[in-house]
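# Structural overview
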Amino acid sequence: MAYYSVPAIRRLQLGRELKAWREQAGLTLEQAGGDLDLSKSTLSRLEKGQGAIHPLHARAMAELYRVPEDDLVRLVDIAREARRPNQNRIEGVSANSYPALEAEAVSVRNFELAYVPGLLQTESFTRALYAHHGTRERNHKLHVRMRRCERLKGDDPLRLHAIVDETALVRPIAEQHVLVAQLLHIAELTELPNVTVQVVPAETGLYRGLRGAFSLLSFPPDTIGDLAYVDHAAGALQLVKPGQLVELSRRFKDIGKLALSEAESCNLLLRLADRLSE
């Protein structure tokens, strides 16, 4: 199967495979790092996909770990692939950031409790969201957000299933006409075959989504498995353990059962827009 030009997930894939081979060889980070002239922290960072591994370094690691020739050649090819530009790459974002990973995903399941999902935001709404940031930071965030939104249209679009709490849709963070335009924009996007939007009604009581927002990303075949991304007050977490992914997938499904159907959600969006227009 042909490789995809997806550097961020290739870095993750390469790092994970090299770590597995190192552990199979019975080498610690200190031992392998010493033979490779790398510090323990540097090697650990590379194994986490947080830096590009030069093909020559990948070969040296594979040889140290006594990787069979066929697998060695494949790992070096992955290292080359990880250094190539991606057509969906967004300028100004790091290779292991959420926007970079999302740019290489084939589908995203996103639950939002407090915000309108980023992929569904209008430019005016995003400007209002970052109104208190400095001009340079606000313009950068706006650029990244709008580039992300482009993935929903065009050739080979991203598949998006977004579930959002109704309270996030009507929170007065922008002028009324901006909120109305935002609601109508989401309703319009639901007409795309690759976009599914569900709304959890405001009158819903205790439910599993109250624990907070999260995203589940799926990637092209022959790359890496699903990963989850969770923002928190001090940063963000990438979750890859099977148990974590199963739990969040189950949670997303449970929230979807509580949410309105696609048609009911679209009707609610239009009613909310009418109400705000009065």
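To keep things clear, this report deals only with the structure shown in the data block.

Reading the values: rules and limits
- Residues numbered from 1 in each chain as written.
- Predicted model: local features only at pLDDT ≥ 70, side-chain atom pairs only at ≥ 80, totals over all residues.
- Heavy atoms only, no water.
- Buried < 20%, exposed > 50% of the residue type's maximum accessible area, 1.4 Å probe, protein only.
- Helix = DSSP H or I, 4+ residues; strand = E, 2+ residues; numbered from the N terminus.
- Pairing = 2+ DSSP bridges.
- Phe/Tyr/Trp six-rings, centres within 6.5 Å; stacked < 30°, edge-to-face > 60°.
- Arc of directions from axis to C-beta.
- Axes fitted to C-alpha atoms, helices over the stretch in contact; angles between N-to-C directions.
- Core = buried A, V, L, I, M, F, W, Y, C linked by side-chain atoms within 4.5 Å.
- Contact = heavy atoms within 4.5 Å.
- Parallel < 35°, antiparallel > 145°, perpendicular 65-115°, else oblique.
- Left-handed = near helix turned anticlockwise from the far one by under 90°.

### Thoughts on the pairing of strand E1 (residues 107-112)
Within E1, five of the six residues are buried, which leaves the element mostly enclosed by the surrounding structure. In this sheet, strand E2 (residues 159-165) lies alongside E1 in parallel orientation, the contact comprising six bridges. If you follow Asn-110 over to E2, its bridge partner there is Ala-162. The pairing of E1 with strand E4 (residues 214-218) spans five bridges and is classified as antiparallel. Counterpart to Ser-107 in the pairing with E4 is Ser-218.

### Structural notes on the packing of aromatic side chains
One pair of aromatic rings is described through two measures. These are the centre distance and the angle between the planes. Under the defined criterion, the tally for this structure stands at four aromatic pairs. Ring geometry for Phe-111 versus Phe-214: centroids 6.0 Å apart, planes at 45°, classification tilted. Here Phe-214 lies in strand E4 and Phe-111 lies in strand E1, a separation of 103 residues in the sequence. Residue Phe-111 is classed as buried on the basis of its relative accessible area of 0%. The exposure class of Phe-214 is buried, given its relative accessible area of 4%. When the ring of Phe-214 is compared with that of Phe-252, the centres are 6.4 Å apart and the planes differ by 75°; the resulting orientation is edge-to-face. With Phe-214 in strand E4 and Phe-252 in helix H11 (residues 242-258), this pair connects stretches of sequence that are 38 residues apart. The residues Phe-214 and Phe-252 share a single accessibility class, namely buried. In this structure an aromatic cluster arises from ring pairing among Phe-111, Tyr-207, Phe-214 and Phe-252.

### Regarding helix H2 (residues 29-36)
All of the buried residues in H2 are Leu-29, Ala-32, Gly-33 and Leu-36. Taken end-on, H2 shows its buried residues confined to a sector of 100°, consistent with a single buried face. Backbone geometry just after H2 places Asp-37 at a positive phi near 60°.

### Here's the deal with the sheet that holds E1
What the six strands build is an open sheet, ordered E3-E2-E1-E4-E5-E6; its pairing is mixed. Lying at the two open borders of the sheet, with one neighbouring strand each, are strand E3 (195-200) and strand E6 (235-239). On average, each strand axis in the sheet is tilted by 15° relative to the strand beside it, whichever way the strands run.

### Brief notes about the nonpolar core
Counting 41 residues, the largest nonpolar core has Leu-101, Leu-120, Leu-152, Leu-169, Leu-217 and Phe-219 as its most contacted members. Elements represented by at least two residues in this core include exactly helix H1 (7-24), helix H6 (98-104), E2, helix H9 (166-170), helix H10 (176-189), E3, strand E5 (227-232) and helix H12 (262-277). Counting residues in hydrophobic clusters, the runner-up holds 19 residues, among them Leu-29, Leu-43, Ala-58 and Tyr-65.

### So, the environment of Leu-269
Along the chain, Leu-269 falls in helix H12. Sequence spacing of Leu-269 and Gln-198 is 71 residues, and the spatial spacing of their C-alpha atoms is 10.0 Å. Look past the residues within four positions of Leu-269 in its chain and what remains in contact with it is Leu-169, Leu-183, Ile-186 and Ala-187.

### Some remarks on the packing of H10 against H12
Between H10 and H12, whose axes approach to 9 Å, the crossing angle comes to 160°. Looking at the two axes, H10 sits roughly antiparallel to H12. Regarding H10 and H12, the two cross each other, and that crossing is left-handed. Residues Gln-176, Leu-179, Val-180, Leu-183, Leu-184, Ile-186 and Ala-187 of H10 touch H12, and the partners they reach there are Cys-266, Leu-269, Leu-270, Leu-272, Ala-273, Leu-276 and Ser-277.

### Thoughts on the environment of Pro-221
Mapped onto the fold, Pro-221 is located in the loop between E4 and E5. Under the relative-accessibility criterion, Pro-221 is labelled partly exposed at 47%. Counting along the chain gives 115 residues from Pro-221 to Val-106, while the straight-line C-alpha distance between them is 9.5 Å.

Coordinates in, geometry out; function isn't part of it.
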